[in-house]
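Single-letter residue listing:
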Amino acid sequence: MIKYETIDFLGGHLTAFERDGHLVFISLANDGVAEFLSEYQGYELEPDTLPVAQLFHQYENGLSVDWTRVPIDFLSGTEFQKSVWRTLNQFKGTLTYSQLAEKVGRPKAIRAVASAVGKNPLPIINACHRILPKSGGVGKFRYGTLVKTQLLTLEGIKID
């Protein structure tokens, strides 16, 4: 059974999904349940109040949150993808895709790393929004550049 809660977040919504006390998916889509079901079939969902929702409210209000302390798990993904996602969970600051590829020990696998970042099931927790293009600017984000910019601003990261 997967429990979920949808909260108001950054002028939109955030839906957190949890299994056995571990966060497994975060959606910033208007309909997070539909997004979850498009990615993962065969799971029963149950609305509930999740304690982690308070952390997202704190984060949105500019308070520092140590996301590495939130128990996480992955419902799918290759070992390579999971290694990229775990690295995203552990670093502070910003990186380029090539720097992230070096951190996961695969310096020539920049495209594979970028693909794994794009499939990250736990945005914010696994800080894919902090991966910036080498050429400058904000870069792409599944939920749009406005949301990515909002997340970076919350964390005090300035983009040229």
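Basis of the calculations
- Residues numbered from 1 in each chain as written.
- Predicted model: local features only at pLDDT ≥ 70, side-chain atom pairs only at ≥ 80, totals over all residues.
- Heavy atoms only, no water.
- Helix = DSSP H or I, 4+ residues; strand = E, 2+ residues; numbered from the N terminus.
- Rg over C-alpha atoms; globule rule 2.2 N^0.38 Å.
- Buried < 20%, exposed > 50% of the residue type's maximum accessible area, 1.4 Å probe, protein only.
- Contact = heavy atoms within 4.5 Å.
- Areas by Shrake-Rupley, 256 points an atom, 1.4 Å probe, with all protein chains shown as cover.
- Axes fitted to C-alpha atoms, helices over the stretch in contact; angles between N-to-C directions.
- Parallel < 35°, antiparallel > 145°, perpendicular 65-115°, else oblique.
- Nonpolar A, V, L, I, M, F, W, Y, C, P; charged D, E, K, R; others polar.
- Domains from an automatic or database assignment.
- Buried area = accessible area lost by both parts, 1.4 Å probe.
- Salt bridge = Lys/Arg side-chain N within 4 Å of Asp/Glu carboxyl O.

Draft legend 1. View of the overall build of the protein. The helix and strand inventory of the protein stands at 6 helices and 4 strands. Of the regular secondary structure in the protein, the N- to C-terminal order runs β-β-β-α-β-α-α-α-α-α. The globule rule puts the C-alpha radius of gyration for 160 residues at 15 Å, and the 15 Å found for the protein is close to it. With the principal axes as the frame, the protein shows a C-alpha extent of 40 × 35 × 25 Å. Within the protein, the fraction of its 160 residues that count as buried is 44%. By sequence separation, contacts in the protein at least 24 residues apart represent 56% of the contacts at least 6 residues apart. Total accessible area computed for the protein in this model is approximately 8400 Å², and 49% of it derives from carbon and sulfur atoms.

Draft legend 2. Region of interest: the packing of helix α3 (residues 79-90) against helix α5 (residues 110-118). Contact pair α3 / α5: the axes reach a minimum separation of 9 Å and the direction vectors enclose 70°. In terms of orientation, α3 and α5 fall into the roughly perpendicular class. The residues of α5 that touch α3, namely those facing F80, Q81, V84, W85 and L88, are A112, V113, A116 and V117. Looking at the contact of α3 with α5, its residues break down into 8 nonpolar, 1 polar and no charged.

Draft legend 3. Representation of the domain arrangement of the protein within the structure. With domains assigned, the protein is organised as domain 1 (2-69) and domain 2 (79-155). On the side of domain 2, 17 residues touch domain 1, which itself brings 19 residues to the contact. Between domain 1 and domain 2 lies a buried interface of about 1500 Å² when both sides are counted; carbon and sulfur atoms form 67% of it. By the criterion of area lost to domain 2, the three top residues of domain 1 are L10, L28 and Y59, representing 39% of everything that side buries. Our enumeration of links across domain 1 and domain 2 arrives at 1 salt bridge. For R142, the salt bridge identified is with E35, shortest N-O distance 3.6 Å.

Draft legend 4. Unusual backbone geometry, seen in detail. Of note, the phi angle at L10 is positive, near 50°, even though the residue is not glycine. By the element assignment, L10 lies in the loop between β1 (2-9) and β2 (12-19). Look at D20: it is not a glycine, yet its phi comes out positive at around 50°. Its location among the elements puts D20 in the loop between β2 and β3 (22-27). Its relative accessible area of 69% is what places D20 among the exposed residues.

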